[in-house]
Amino acid sequence: MTQPSHDAPASNDPEDLRAQVEHSREELGQTVAALAAKADVKARAQEKATAVKEQVDAKTGEIREGATRTVRKVRDRLPEPVRGKASRAGQAARGKRGALLVAGTGLVGVVWLACRRRRG
């Protein structure tokens, strides 16, 4: 069904007018529904966030696999005495992770204060 042009004379028949109005209402309803879907910012943002999360997860997996391969290559090339010492140092560091975090944070604070004093 085509819409009559604005230049064409309008029908004076009440049934034709009702049909035209009903057709216009249907078209308007479809247009409003399409605009509402485009304007649903929350749903579109959710879709985008999901897509970005999937990309980040995939990239994280790739990086983790690459790091694991590199660590294995380096470990395989180390002499046995060095490998044993590195293993013990890693275990000790894991046990002192909290202390290292506090010390690292303190060091960052000291460096920040030193830089701030130089500027001002």
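Keep in mind that this is a model prediction, so the values were computed, not measured.

Caption draft 1: Inspection of the overall build of the protein chain at higher detail. The helix and strand tally for the protein chain stands at four helices and zero strands. In the protein chain, the succession of α and β elements from N to C terminus is α-α-α-α. Here the protein chain holds 120 residues, and the buried ones make up 2% of them.

Caption draft 2: Structural view of the pattern of salt bridges. Going through the model one piece at a time under the given rule, you end up with three salt bridges. With its nearest N and O atoms 3.1 Å apart, the salt bridge here joins Glu-15 to Arg-18. One end of the pair is Glu-15 and the other is Arg-18, both in helix H1 (residues 14-39) and three residues apart, which spans about a single turn. On the basis of relative accessibility, which here comes to 52%, the residue Glu-15 falls in the exposed class. Judged by relative accessible area, Arg-18 falls into the exposed class, the value being 53%. A salt bridge links Asp-57 to Lys-53; the shortest N-O distance between them is 3.0 Å. Placement of both Asp-57 and Lys-53 in helix H2 (residues 41-77) is noted, with a separation of four residues, approximately one turn of the helix. We classify Lys-53 as exposed; its relative accessible area is 53%.

Caption draft 3: Expanded view of the confidence of the model for the protein chain. Averaged over every residue, the pLDDT of the protein chain is 80; residues scoring 70 or more account for 84%. Within the protein chain, helix H4 (residues 97-119) has the poorest average pLDDT of any element, 73, and H1 the best, 91.

Analysis parameters
Residues numbered from 1 in each chain as written. Predicted model: local features only at pLDDT ≥ 70, side-chain atom pairs only at ≥ 80, totals over all residues. Heavy atoms only, no water. Helix = DSSP H or I, 4+ residues; strand = E, 2+ residues; numbered from the N terminus. Buried < 20%, exposed > 50% of the residue type's maximum accessible area, 1.4 Å probe, protein only. Salt bridge = Lys/Arg side-chain N within 4 Å of Asp/Glu carboxyl O. pLDDT = per-residue confidence, 0-100.

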